[in-house]
Amino acid sequence: MKILISSCVYGNNVRWNGSNRAFEDIHAWAIDNNIELVPVCPENELFGTPRSPIKLEQVGDKGIVGWMAGKDVYRKLLDKAFEITSRHHDAVGFIGIAGSPSCSVSVGVKNLGSTIKAPMHQQSLFPTTEINSMRTELNRDMFLKRVRKYENRRLS
Ligand code: SF4
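To start, this report covers the structure provided alongside it. Note that this is a predicted model, so its numbers are computed, not measured.

## Quick look at the pairing of strand β6 (residues 91-96)
Counting buried positions over the six residues of β6 gives six, a clear majority of the element. As paired strands, strand β1 (residues 2-6) and β6 are joined by four bridges and run parallel to one another. For isoleucine 3, the partnering residue across the bridge sits in β6 and is glycine 93.

Encoded structure:
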């Protein structure tokens, strides 16, 4: 099974400041469960690394804006996430990371009064989670059940 994972969590230095958020245990989990982890980073594909950080904001009638060095890049993030998930049409899951305007299950938006799913989760047809939820065996097993169920449905 192929599962997409935020490239910075996989261990690649693709965060806006050139750092990573590696979570080494995820590699052993993947090997144990015959899973191919595929690192993806929408922001690095769009803007390279290093780059300016992105902040989401609700702006009147414009809706949600993704500010990056004074420019709105939110539409680009949505389109790139769609392109990535379409490119990996055989993937059965995505593991993101909290606090990211692109890869978080629940990201804050200034002036909105609530959180939203970041583009990678909005555009994924398969089950998604965040790396923080993969730190316990119980949660890892629950995610595995979800992706196996998705895969079985897809193959039937
Ligand atoms: S866009 Fe996603 S994969 Fe790329 S650095 Fe940000 S959180 Fe990591």
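## Quick notes on the site of the ligand
The full set close to the ligand counts 13 residues, and Ser6, Cys8, Cys41, Ser100 and Cys103 are the nearest of them. Breaking the shell around the ligand down by element, the ones donating at least two residues are α1 (7-10) and α3 (42-47). Take the shell around the ligand: its biggest share by element is three residues, from α3. Its residues assigned to classes, the shell around the ligand comprises six nonpolar, five polar and two charged.

## With respect to the sheet that holds β1
Taken together, the four strands give an open sheet; going across it, the order is β2-β1-β6-β9, and neighbouring strands pair in parallel fashion. The open sheet is flanked by β2 (36-40) and β9 (128-130), the only strands paired with a single partner. When strand polarity is set aside, the average angle formed by the axes of neighbouring strands in this sheet is 25 degrees.

## Looking at the sheet that holds strand β4 (residues 63-68)
Spatially, three strands are ordered β3-β4-β5 in an open sheet, and the strand pairing comes out antiparallel. The sheet is open, and its two borders are formed by β3 (55-59) and β5 (71-72), each paired with just one other strand. Of the pairings in the sheet, the one linking β4 to β5 comprises two bridges and is antiparallel in character. Bridge pairing in β5 places tryptophan 67 opposite aspartate 72.

## Details of the nonpolar core
In this structure, Ile3, Ile5, Val9, Ile95 and Ile131 are the most contacted members of the largest nonpolar core, which totals 31 residues. Of all the secondary structure elements, the ones that give two or more residues to this core are β1, α1, β4, α4 (74-87) and β6. When residues no more than four places from it in sequence are discounted, the contact partners of isoleucine 95 are Ile3, Ile5, Ser6, Val9, Thr129, Glu130, Ile131 and Met134.

## What to know about unusual backbone geometry
The step from threonine 49 to proline 50 runs through a cis peptide bond, and the omega angle for that step is 0 degrees. Look at asparagine 111: it is not a glycine, yet its phi comes out positive at around 70 degrees. With respect to the secondary-structure elements, asparagine 111 resides in the loop between β7 (107-108) and β8 (115-116). Judged by the 11 C-beta atoms lying within 10 Å of it, asparagine 111 falls in the exposed class.

## Side note on the environment of threonine 85
As for its position among the elements, threonine 85 is in helix α4. For the pair threonine 85 and isoleucine 131, spaced 46 residues apart in sequence, the C-alpha to C-alpha distance is 18 Å. Those residues within four positions of threonine 85 in sequence are excluded, and the remaining contacts are Gln123 and Ser124.

Rules used throughout
- Throughout, residues of each chain are indexed from 1 in the direction in which the sequence is written.
- Local features in this predicted model are restricted to residues of pLDDT 70 or higher, and side-chain atom pairs are both shown and tallied only at a pLDDT of 80 or more, whereas totals for entire chains, interfaces and linings draw on every residue.
- Buried residues are those with 20 or more other C-beta atoms within 10 Å of their own C-beta, exposed residues have 12 or fewer, and partly exposed residues lie in between; C-beta atoms are placed from the backbone.
- Where helices and strands are cited, they refer to DSSP runs of H or I of at least four residues and of E of at least two residues respectively, numbered from the N terminus.
- When DSSP finds two or more bridges between two strands, those strands count as paired.
- Being near a molecule or strand means, for a residue, that its C-beta atom, positioned from the backbone, comes within 6 Å of it.
- Ten residues, namely Ala, Val, Leu, Ile, Met, Phe, Trp, Tyr, Cys and Pro, are considered nonpolar, four, namely Asp, Glu, Lys and Arg, are considered charged, and the remaining ones, Gly among them, are considered polar.
- Every axis corresponds to a line fitted to the C-alpha atoms, with the helix fit spanning only the stretch in contact, and the corresponding angles, defined between N-to-C directions, vary from 0 to 180 degrees.
- In this usage, the nonpolar core is the set of buried Ala, Val, Leu, Ile, Met, Phe, Trp, Tyr and Cys residues whose C-beta atoms join them within 7 Å.
- In this description, any two residues whose backbone-derived C-beta atoms lie within 7 Å of each other are considered to be in contact.

These values are about where atoms sit, not about what they do.
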